[in-house]
Amino acid sequence: MKNLKKSEMLGFKPLRGTVIFGSRVRLREKKLSDVRRDYAWQSDPELSRLDAAPTLITPFSVYLLDYAVEIHRPRSKRYPLAVETLDGTHIGNCTCYDIDEKKGEAQFGIMIGDRDYWDRGYGTDVVTTMVHYVFLTTGLNRLYLKTLDWNLRARRCFEKCGFTPFGDMRRNGLRFVLMELRREQWQQLHIPDKQESESSV
Ligand SMILES: CC(C)(COP(=O)(O)OP(=O)(O)OC[C@H]1O[C@@H](n2cnc3c(N)ncnc32)[C@H](O)[C@@H]1OP(=O)(O)O)[C@@H](O)C(=O)NCCC(=O)NCCS
């Protein structure tokens, strides 16, 4: 995080040593030992198609070098985390990026690379955990994301976490749905929980 000005990150804690607990996952700083799985996931045509990203064709040796540099000195305005199950299995990644101090917002991305963990609520737990972390501990007021219109699993996962569509866009012949979650919406979603838990005490 050396190259990040603290002010640019609006209260995100330093990545080093970060562990954020959800109910099924923990989100932690990226480690060099994640590199084989990340390489396999980024080289996987189905995963890159779902993510609207180019399939990686870089040789592993080059990827490893870039990976080590990124871990040592993460790019500015990004908060990349690995997703682990509670027993320590690395199953994917999530990132807040384009963190914009002036606008008080950031873009969010997620990839559960290990298919054995799809449709079992892990994605929902990752997104919910990150949303709570952002609104409880940073100064951001809005998270947004884009997802392919036909990626119904991703759209459903984001909807379950409170994201709502606010537009669409076309790029390179692909159609994306734009979704957002604002702090006020998140507060409204969680105030009933608070009232319920208070009344049940
Ligand atoms: C998208 C992703 C993050 C979702 O995580 P996940 O753990 O699989 O999702 P969850 O189990 O929490 O929720 C998925 C929901 O979608 C539903 N779903 C799955 N396939 C669906 C489909 N074809 N149509 C509609 N809903 C679908 C599931 O039933 C579940 O909803 P429910 O709990 O109401 O039954 C994960 O699957 C992933 O990373 N996939 C590969 C890459 C990708 O698509 N990334 C997103 C880029 S924006």
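The sections below set out a description of the structure shown in this document. (Residues numbered from 1 in each chain as written. Predicted model: local features only at pLDDT ≥ 70, side-chain atom pairs only at ≥ 80, totals over all residues.)

### Quick notes on the site of the ligand
- Every one of the 21 residues lining the ligand counts as a neighbour, but Leu50, Gly123, Thr124, Leu152 and Arg156 are closest to it.
- With 5 residues, helix α5 (residues 152-160) is the single largest residue contributor to the shell around the ligand.
- Here the residues of the shell around the ligand sort into 10 nonpolar, 6 polar and 5 charged. (Near = placed C-beta within 6 Å. Helix = DSSP H or I, 4+ residues; strand = E, 2+ residues; numbered from the N terminus. Nonpolar A, V, L, I, M, F, W, Y, C, P; charged D, E, K, R; others polar.)

### Some thoughts on α5
- Listed as buried for α5 are Ala154, Cys157 and Phe158. Projected down its long axis, α5 carries its buried residues within an arc of 95 degrees, all on one side.
- As for α5, its buried residues are in contact with α4 (122-137), β6 (142-148) and β8 (174-182).
- Following α5 by one or two positions, Gly162 has its phi on the positive side, about 105 degrees. (Buried ≥ 20, exposed ≤ 12 C-beta atoms within 10 Å, placed from the backbone. Arc of directions from axis to C-beta. Contact = placed C-beta atoms within 7 Å.)

### Some thoughts on the sheet that holds strand β4 (residues 90-100)
- Read across the open sheet, the 8 strands follow the order β1-β2-β3-β4-β5-β6-β8-β7; overall the sheet is mixed. If you trace the sheet from one side to the other, it starts and ends with β1 (19-21) and β7 (164-171), each paired once. Each neighbouring strand pair of the sheet contributes to a mean axis angle of 25 degrees, computed without reference to strand direction.
- In terms of strand pairing, β4 meets strand β5 (residues 105-112) through 7 bridges, oriented antiparallel. Each residue of the ladder has a partner; that of Asn93, found in β5, is Met111.
- Across the face of the sheet, α4 comes into contact with β1, β2 (25-29), β3 (79-85), β4, β5, β6 and β8 while running at roughly 60 degrees to β2. (Pairing = 2+ DSSP bridges. Axes fitted to C-alpha atoms, helices over the stretch in contact; angles between N-to-C directions.)

What is shown is where atoms sit, not what they do.
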